[in-house]
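Residue-level structure breakdown
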Amino acid sequence: MSISSHGSLKLSVGASTGMKIGATLLAIPFVGIPLFAISKLERAVELSAGGSSLDSQILMVPFVVVLVVFLVVLLGIFRFRAEMEGSVVEVHGAFTTRRVDLARARVWLDSFPECSRARDLTGRRLPYLYLYAQERGGRKVLLRLRAARAFLPPHELAVLASAIESDHRIGQDAEQASRTVGLLRRLSADPAIRVP
């Protein structure tokens, strides 16, 4: 269990070391080629007295866009993580950090419809399960509970369930929280169960 000395739990939602290495290797050409092209364009403008600086800047735009997109994606992969302290979950993205208290937030689970290669809906649900949490007046926080092959470890699912049920809710929020806690507990006991 990844619990630090401060009593926080690091959830297993971030990219693995293999994914980070793969993303870095994939990003090398997508960062290096635009940088090379930009330097060549700048050099060509310096050498040609008749060339317009505006023309070269327009030619650089696609290279700069590709460079920025891949740097942002790479930063997101390296920075993405989630931690729990008590019932508060903190999710770090590329440029944002969102916090939500699961004991007080409205919580629900969802998955995504599966699409065939022809892009039409098959009616089945993908095995990607997400926990959504939103405090009154706050922003929605999304936490992926399952990647392509496995759910979060059972003890992390159980901690999330305990945090959600640690405070009293009423009405529809209570029913939703109860269904969410029930599914989290079932998944922590048997990760092979079918997600509705």
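These numbers were taken from a predicted model, which means no experiment stands behind them.

1. Considerations on the pairing of strand S3 (residues 88-92)
With respect to burial, S3 is a largely interior element, four of its five residues being buried. Between strand S2 (residues 81-85) and S3, which follow one another and run antiparallel, lie two residues, and glycine 86 among them has a positive phi close to 65°. In the sheet, S3 pairs with strand S4 (residues 97-101) via five bridges, with the strands oriented antiparallel. Within S4, the position partnered with histidine 92 by the bridge is threonine 97. Counting the residues in the hairpin turn of S3 and S4 gives four residues.

2. What to know about the packing of helix H3 (residues 154-164) against helix H4 (residues 171-189)
Where H3 meets H4, the closest approach of the two axes is 8 Å, and the angle between their N-to-C directions is 160°. Classed by the angle they form, the pair H3 and H4 counts as roughly antiparallel. In terms of crossing hand, the pair formed by H3 and H4 is left-handed. Of H4, the residues touching H3 (which contributes Pro154, Leu157, Ala158, Leu160, Ala161, Ser162 and Ile164) are Ala177, Thr180, Val181, Leu184, Arg185, Leu187 and Ser188. Counted by class, the contact of H3 with H4 contains 10 nonpolar, three polar and one charged residues.

3. Examining the pattern of salt bridges
For the structure on display, the rule yields five salt bridges. For glutamate 90, the salt bridge is made with arginine 99, and the minimal N-O distance between the two is 2.2 Å. For arginine 99, a relative accessible area of 57% corresponds to the exposed category. Residues joined by salt bridges that share partners form a network here, namely Asp101, Arg104 and Glu135.

4. A few points about the confidence of the model for the protein
For the protein, mean pLDDT is 80; residues scoring 70 or higher make up 77% of the total. In the model, residues 1-6 has pLDDT below 50 throughout and makes eight contacts with residues more than four positions away in sequence or in other chains.

5. Overview of the sheet that holds strand S1 (residues 8-11)
Judged by pairing direction, the sheet is antiparallel, and its four strands sit side by side in the order S1-S2-S3-S4 without closing on themselves. Bordering the open sheet on either side are S1 and S4, each of which pairs with just one other strand. The sheet shows a mean angle of 20° between the axes of neighbouring strands, direction not considered. Against the sheet, H3 makes contact with S1, S2 and S3, and its axis sits at roughly 125° relative to S1, the strand it touches most.

6. Some remarks on the side chain of threonine 180
Tracing the backbone shows threonine 180 in helix H4. Excluding anything up to four places from it in sequence, threonine 180 contacts Val107, Trp108, Leu109, Leu131 and Ile164.

So, how was this worked out
Residues numbered from 1 in each chain as written. Predicted model: local features only at pLDDT ≥ 70, side-chain atom pairs only at ≥ 80, totals over all residues. Heavy atoms only, no water. Buried < 20%, exposed > 50% of the residue type's maximum accessible area, 1.4 Å probe, protein only. Helix = DSSP H or I, 4+ residues; strand = E, 2+ residues; numbered from the N terminus. Pairing = 2+ DSSP bridges. Axes fitted to C-alpha atoms, helices over the stretch in contact; angles between N-to-C directions. Parallel < 35°, antiparallel > 145°, perpendicular 65-115°, else oblique. Left-handed = near helix turned anticlockwise from the far one by under 90°. Contact = heavy atoms within 4.5 Å. Nonpolar A, V, L, I, M, F, W, Y, C, P; charged D, E, K, R; others polar. Salt bridge = Lys/Arg side-chain N within 4 Å of Asp/Glu carboxyl O. pLDDT = per-residue confidence, 0-100.

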